[in-house]
Amino acid sequence: METVKLKVGDRFQQAWRGCTKPMYFEVLSLNRDKNTLRVKCTGVEGYSHEENWDDLDVTENAFIIGEYKII
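As the structure is a computational prediction, the values presented were derived from the model and not from experiment.

*Asks:* I keep staring at the environment of Lys69 and nothing clicks. Help me out?
*Replies:* In this fold, Lys69 is placed in strand 5 (residues 68-70). Separated by 56 residues in sequence, Lys69 and Gln13 place their C-alpha atoms 5.6 Å apart. If near-sequence neighbours (up to four positions away) are discounted, Lys69 is found in contact with Arg11, Phe12, Gln13, Ala15 and Phe63.

Written as structure tokens, this is what we have:
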């Protein structure tokens, strides 16, 4: 599988085996120069919050190993 290149507005979820209540994420902003992104995190119960992640490349590579999947 090819590495996913996220963009603002993309939505993805946790996808590892055994995850029964996956979190859902929406990309709010990203900065490739600084390797960062801001995401909205939503649980299956509907609670949400925003987080700054400092690992854009690691996040994109996580799709290859099945940690996340685009929805």
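Additional details are given in the paragraphs that follow.
*Asks:* Even after reading the chapter, I still don't get the sheet that holds strand 3 (residues 36-42), so can you show me in this structure?
*Replies:* Hydrogen bonds between backbone atoms are what pair the strands of a sheet, whose relative direction is either parallel or antiparallel. Strand order across the open sheet formed by five strands is 4-3-2-1-5, with antiparallel pairing between neighbours. The strands lining the two open edges of the sheet, one partner per strand, are strand 4 (48-53) and strand 5. Across the sheet, the mean angle from the axis of one strand to that of its neighbour is 30°, orientation sign disregarded. In the sheet, strand 2 (residues 24-31) pairs with strand 3 via seven bridges, with the strands oriented antiparallel. From the neighbouring strand, Glu26 faces strand 3, where its bridge partner is Lys40.

*Asks:* Teacher, can you tell me more about the pairing of strand 2 here?
*Replies:* On a regular strand, one side chain projects to one face of the sheet and the next to the other, so that they alternate. The sheet contact formed by strand 1 (residues 11-14) and strand 2 spans three bridges and is antiparallel. Bridge pairing in strand 2 places Arg11 opposite Glu26. Connecting strand 2 to the antiparallel partner strand 3 that follows it, the hairpin turn spans four residues, and Asn35 within it adopts a positive phi of roughly 60°.

*Asks:* Looking at this structure, I do not really get the state of the cysteines. What am I missing?
*Replies:* Every disulfide links exactly two cysteines, by a covalent bond between their sulfur atoms. Applying the stated criterion across every chain yields a total of zero disulfides. Cys19 supplies the cysteine sulfur nearest to Cys41, a cysteine that is in no disulfide, at a spacing of 13 Å. With a relative accessible area of 1%, Cys41 lands in the buried category.

*Asks:* I keep staring at the nonpolar core and nothing clicks. Help me out?
*Replies:* One finds Leu6, Phe12, Phe25, Leu37, Trp53 and Tyr68 to be the most contacted residues of the largest nonpolar core, which totals 13 residues. Elements with a contribution of two residues or more to this core: strand 2 and strand 3. Considering every element that reaches this core, the biggest residue donor is strand 3, with three residues.

*Asks:* I keep staring at the side chain of Thr59 and nothing clicks. Help me out?
*Replies:* With respect to the helices and strands, Thr59 occurs in helix 1 (residues 56-61). Every residue in contact with Thr59, bar those within four places of it in the chain, is listed here: Leu6, Phe12, Leu37, Trp53 and Tyr68.

Basis of the calculations
Residues numbered from 1 in each chain as written. Predicted model: local features only at pLDDT ≥ 70, side-chain atom pairs only at ≥ 80, totals over all residues. Heavy atoms only, no water. Helix = DSSP H or I, 4+ residues; strand = E, 2+ residues; numbered from the N terminus. Contact = heavy atoms within 4.5 Å. Pairing = 2+ DSSP bridges. Axes fitted to C-alpha atoms, helices over the stretch in contact; angles between N-to-C directions. Disulfide = S-S within 2.5 Å. Buried < 20%, exposed > 50% of the residue type's maximum accessible area, 1.4 Å probe, protein only. Core = buried A, V, L, I, M, F, W, Y, C linked by side-chain atoms within 4.5 Å.

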